[in-house]
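Here is what each chain is made of, one letter per residue.
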Amino acid sequence: MGMEEIRKAALFQFAANGYEGASLSSIAAEVGIRKPSIYAHFQGKEDLFLQVARYAFQEQNLRIFQYFTERKEQSLEHTLHDFLFWMEQEYESNNSAKFMLRFSFFPPVSLYNEVLNIVNPFLDKMERKLTRRLRNARDREPFAHMKPADMALAYMTLVDGIIVELLYSGSTNYHRRLNAAWPIFWRGITLISSHEGSSGMNCKNIVNQGEHSS
């Protein structure tokens, strides 16, 4: 058995049991080798974990890119909304997604900085790609008054807040948060700005008051 088989087994063990719960012995047993054989390919548990992390985040980067590419012709409202359901399916069926989400929120204490050095560039790349997608869609979507970078950041904040419920409580509470938060988010970015709206209302009120006074 080679490096690839060990990495796949480690991905499953880390995603399912966490860093502390996954042992080299259990990874070796799943592959069908003795524990010392792992050291022929990896320096130890930390090295194995970080290599798996780089692989998992790279794979999810490609899968997320594919998701948005396949939906170029779909309305952005449906694309962004459906992405939240897609991520739930990924978490439940894809070890790379489960690994990525679990350790983005709960990195091992002993590897905290090393994991953040993988997570933060990944999130920065996602934010840039989403900003670009929003900018390209402004002419045909009802949010031309919003800055694409602000919308991208707001959407990623929404995703973070909903995804964490999936990790803590499961699908039922995940859907409760999604169903409550999504309509508010979408209305928020498609309405005209509050400043513009309040200015218009104030002008109308002044005119109406003047007519009633006369």
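Above this text you will find the structure in question.
Below you will find a few notes about this structure. On a predicted model such as this, the values are computed, not experimentally measured, just so you know.

Here the focus is the pattern of salt bridges. Scanning all chains against the criterion turns up 4 salt bridges. Close ionic contact of Glu4 with Arg7 constitutes a salt bridge, the shortest N to O distance being 2.5 Å. Of the two residues, Glu4 and Arg7 both sit in helix 1 (residues 3-21), 3 residues apart, roughly one turn of that helix. Here Glu4 falls in the partly exposed class, since its relative accessible area comes to 31%. Put simply, Arg71 and Glu70 hold a salt bridge, and the shortest N to O gap is 3.7 Å. Residue classification places Arg71 among the partly exposed positions, given a relative accessible area of 22%. The exposed category is assigned to Glu70, whose relative accessible area is 54%.

Among the secondary structure elements, Glu165 is positioned in helix 7 (residues 148-169). Taking relative accessible area as the criterion, Glu165 reaches 11% and is therefore assigned buried. Leave out the neighbours within four places in its chain, and Glu165 touches Gly170, Asn173, Tyr174 and Arg177.

Rules and cut-offs
- Residues numbered from 1 in each chain as written.
- Predicted model: local features only at pLDDT ≥ 70, side-chain atom pairs only at ≥ 80, totals over all residues.
- Heavy atoms only, no water.
- Salt bridge = Lys/Arg side-chain N within 4 Å of Asp/Glu carboxyl O.
- Helix = DSSP H or I, 4+ residues; strand = E, 2+ residues; numbered from the N terminus.
- Buried < 20%, exposed > 50% of the residue type's maximum accessible area, 1.4 Å probe, protein only.
- Contact = heavy atoms within 4.5 Å.

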